Amino acid sequence: MTIRATNQADVIPLRPLPAAADPAPPALPPEPLWRDLVGEVLRRERRAQGRTLKDVSEASRISMAYLSEVERGRKEASSEVLAAAARALGLSLADVLALAGERLVSLTAARTRSRSRTLGAVGGQRPARTAGPAGPMGGVLLAA
């Protein structure tokens, strides 16, 4: 037996592969990551102000390389780092998080619409569900 033959393994799929005649269902957009959303907000605000990465880096006392990675969603920044970057841009941490939250809501809505179209095409229906504590006003109705 050769080395090449011993390094080859049988691959067992976890899910059955679709038959050649079965059309593949359309892929849903990926779930957005919080670090991507926050980085997108920081970069958008910095560019809107016409400021350079170096300028904001110096004002926030965050290394330029690290700030760049935060803006690109490569690093999960601490709340202290986010607050410093926000202050350097003339924003509060709450402003940055609110803007990121708005973006998350819009992306989630688009993803839900995409999922509804996908399920509708396949014939499936996702039921509405309630979530949250049931207080005097009842639960929160979430429909997708």
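Treat the numbers as computed from the prediction; the structure is a model and nothing was measured.

A.B. asks: Is there a simple way to think about helix 4 (residues 64-71) in this case?
C.D. replies: Helical geometry note: an α-helix holds 3.6 residues per turn, so side chains three or four residues apart project in the same direction. Among all positions in helix 4, only Leu67, Ser68, Val70 and Glu71 are buried. Buried positions in helix 4, seen along its axis, are confined to an arc of 160° and lie on one side of it. The inward-facing, buried residues of helix 4 contact helix 2 (34-48), helix 3 (53-60) and helix 5 (79-88). Looking one or two places after helix 4, you find Gly73, whose phi comes out positive at around 75°.

A.B. asks: Honestly, the nonpolar core in this entry has me stumped. Any pointers?
C.D. replies: As a rule of thumb, soluble globular proteins bury nonpolar side chains together. Membership of the largest hydrophobic core comes to 19 residues, with the highest contact counts inside it found for Val38, Leu42, Leu67, Leu82 and Val96. Among the secondary structure elements, those contributing two or more residues to this core are helix 2, helix 3, helix 4, helix 5 and helix 6 (93-122). At five residues, the largest contribution of residues to this core is made by helix 5. Setting aside its immediate chain neighbours within four residues, Leu42 contacts Val70, Glu71, Leu82, Ala85, Leu89 and Val96.

A.B. asks: Where do I start with the packing of helix 2 against helix 4 in this structure?
C.D. replies: Relative placement of two packed helices is described by the angle separating their axes and the distance separating the axes. The contact between helix 2 and helix 4 brings their axes to 7 Å, and the two run at 115°. One element, helix 2, and the other, helix 4, form an angle in the roughly perpendicular class. Residue-level contacts link Arg35, Gly39, Glu40, Leu42, Arg43 and Arg46 of helix 2 to Ser68, Val70 and Glu71 of helix 4. Classifying every residue of the contact of helix 2 with helix 4 gives two nonpolar, two polar and five charged.

Cut-offs and rules
Residues numbered from 1 in each chain as written. Predicted model: local features only at pLDDT ≥ 70, side-chain atom pairs only at ≥ 80, totals over all residues. Heavy atoms only, no water. Buried < 20%, exposed > 50% of the residue type's maximum accessible area, 1.4 Å probe, protein only. Helix = DSSP H or I, 4+ residues; strand = E, 2+ residues; numbered from the N terminus. Arc of directions from axis to C-beta. Contact = heavy atoms within 4.5 Å. Core = buried A, V, L, I, M, F, W, Y, C linked by side-chain atoms within 4.5 Å. Axes fitted to C-alpha atoms, helices over the stretch in contact; angles between N-to-C directions. Parallel < 35°, antiparallel > 145°, perpendicular 65-115°, else oblique. Nonpolar A, V, L, I, M, F, W, Y, C, P; charged D, E, K, R; others polar.

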